[in-house]
Amino acid sequence: MVGEGLVKGLCVTLKHFIGTYIDDIRWLGRRYYRDDALQIRQSPKARGIFTVQYPEEKLPVPEAFRYIPFLIYEVAEDGTMEDRCTSCGICAKVCPPQCIWIERSNDPETGRPIPAPTNFYIDIDICMNCGLCAEFCPFDAIKMDHDYELASYKRVENHIFDKTRLSRPVDYYRSIRPSDYALEEAARAEKEAAKAARRRGGSS
Ligand code: SF4
Ligand code: SF4
């Protein structure tokens, strides 16, 4: 019959339309803006509408998702922040669109360079989220963030991130990338153990 496919398609649309109201009643106002409800609506169990009501609802991003880089700092026992970054400049060298600028620090007394950045800038409109800076950093000091809601109307004020804007505590890194964090910590512990063994061997 001519138009049979069209009628079938409209029936599917109508079924989803009605199913949305039935599911709304079944969930009694809990259908939207909840992580558990979203998981069901994104699964084959979904009835009715299954689109994500962004920005009120957001799909969780996978651990490997990468957006803009951030700098990691450790919090010492006395509460002071210690940047992992040594301002070695490797990330700036490997960055394909050259959107990283680093201001190195100098010792105020000797004037000689010290391994710490005074400032660190990334132009987030130029960054192409490739992750090479994070891959090449020898100190695990720069990592890729999950935060993708960065739109604003003021490019110069809001889209050139400085060190303050880029810095995040190591706990934040652990929370968004637990597997990478665990692997790196295990490698670090192994390295420290090997170093300690070498020292013991040397002193005996
Ligand atoms: S983030 Fe890493 S690669 Fe970049 S300057 Fe700092 S220590 Fe070097
Ligand atoms: S993610 Fe890629 S483009 Fe962005 S700052 Fe790092 S190296 Fe540069």
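Conventions used here
Residues numbered from 1 in each chain as written. Chains lettered and ligands numbered in written order. Predicted model: local features only at pLDDT ≥ 70, side-chain atom pairs only at ≥ 80, totals over all residues. Heavy atoms only, no water. Helix = DSSP H or I, 4+ residues; strand = E, 2+ residues; numbered from the N terminus. Rg over C-alpha atoms; globule rule 2.2 N^0.38 Å. Buried < 20%, exposed > 50% of the residue type's maximum accessible area, 1.4 Å probe, protein only. Contact = heavy atoms within 4.5 Å. Near = heavy atom within 4 Å. Nonpolar A, V, L, I, M, F, W, Y, C, P; charged D, E, K, R; others polar. Expected span 1.5 Å × (residues − 1). Pairing = 2+ DSSP bridges. 1 Å grid on protein atoms, 1.4 Å probe; cavity = no way out; pocket = protein on both sides within 12 Å on 5 of 7 lines; lining within 4 Å. Points joined across faces, edges and corners; volume = space filled by probe spheres on them. Phe/Tyr/Trp six-rings, centres within 6.5 Å; stacked < 30°, edge-to-face > 60°. Lys NZ or Arg CZ within 6 Å of the ring centre and 35° of its normal.

Caption draft 1: Up close: the overall build of the protein chain. In terms of regular secondary structure, the protein chain is built from eight helices and seven strands. Radius of gyration (C-alpha) of the protein chain: 25 Å, far over the 17 Å computed for a compact globule of 204 residues. Along the longest, intermediate and shortest principal axes, the C-alpha atoms of the protein chain span 85 × 50 × 35 Å. In the protein chain, buried positions account for 29% of the 204 residues. Sequence separation of 24 or more characterises 60% of the internal contacts of the protein chain that already satisfy a separation of 6 or more.

Caption draft 2: Looking closely at the site of ligand 2. Taken together, 13 residues sit near ligand 2, with Cys 95, Cys 127, Cys 130, Gly 131 and Cys 133 positioned nearest. Of the residues belonging to the shell around ligand 2, the class tally is 11 nonpolar, two polar and no charged.

Caption draft 3: Geometry of helix H1 (residues 4-27). Here H1 contains 24 residues, and its C-alpha end-to-end distance of 34 Å stays within 8% of the 34 Å for a straight helix at 1.5 Å per residue. Those residues of H1 lying buried are Gly 19, Thr 20, Asp 23 and Trp 27. The inward-facing, buried residues of H1 abut helix H2 (35-41).

Caption draft 4: Quick look at the sheet that holds strand E6 (residues 160-161). The strand order across the open sheet formed by three strands is E3-E4-E6, and the pairing between neighbours is antiparallel. Because the sheet does not close on itself, it has two edges, and the strands there are strand E3 (100-106) and E6. Pairing of strand E4 (residues 113-123) with E6, which is carried by two bridges, proceeds in the antiparallel orientation. Residue Ile 122 lies in a different strand from E6, and its bridge partner there is Phe 161.

Caption draft 5: Molecular detail of the layout of surface pockets. Here the largest pocket defines a volume of roughly 250 Å³. For the largest pocket, the full set of lining residues is Arg 84, Pro 138, Phe 139, Asp 140, Glu 184, Ala 187, Arg 188, Lys 191, Glu 192 and Lys 195. Within the lining of the largest pocket, the residues separate by chemical class into three nonpolar, no polar and seven charged. Of the pockets and cavities examined, the second largest pocket occupies roughly 210 Å³. Those elements that place two or more of their residues in the lining of the second largest pocket are helix H4 (132-136), strand E5 (142-144) and helix H8 (178-203). A per-class count over the lining of the second largest pocket returns five nonpolar, one polar and six charged.

Caption draft 6: Summary view of the environment of Trp 101. Its place among the elements puts Trp 101 in strand E3. In this structure, the C-alpha to C-alpha distance between Trp 101 and Asp 162, residues 61 residues apart in sequence, is 9.4 Å. Beyond its immediate stretch of four places on either side in the chain, Trp 101 contacts Asn 119, Phe 120, Tyr 121 and Asp 123.

Caption draft 7: Up close: the packing of aromatic side chains. Counted under the stated rule, the structure contains seven aromatic pairs. Judged by centre distance (5.4 Å) and plane angle (80 degrees), the rings of Phe 17 and Tyr 21 are edge-to-face. With Phe 17 and Tyr 21 both in helix H1 and four residues apart, this pair spans about one turn of that helix. Using a relative accessible area of 48% as the deciding quantity, one classes Tyr 21 as partly exposed. Centre to centre, the rings of Phe 65 and Tyr 67 are 6.5 Å apart; their planes meet at 10 degrees, and the pair counts as stacked. Under the relative-accessibility criterion, Phe 65 is labelled partly exposed at 25%. Ring-pair connections join several aromatic residues into one group, and the members of that group are Phe 70, Tyr 172, Tyr 173 and Tyr 181. Between the NZ or CZ atom of Arg 165 and the centre of the ring of Phe 161, over which it lies, the distance is 4.0 Å. Of note, Arg 168 hangs over the ring of Tyr 172, and the distance from its end group to the ring centre comes to 4.2 Å.

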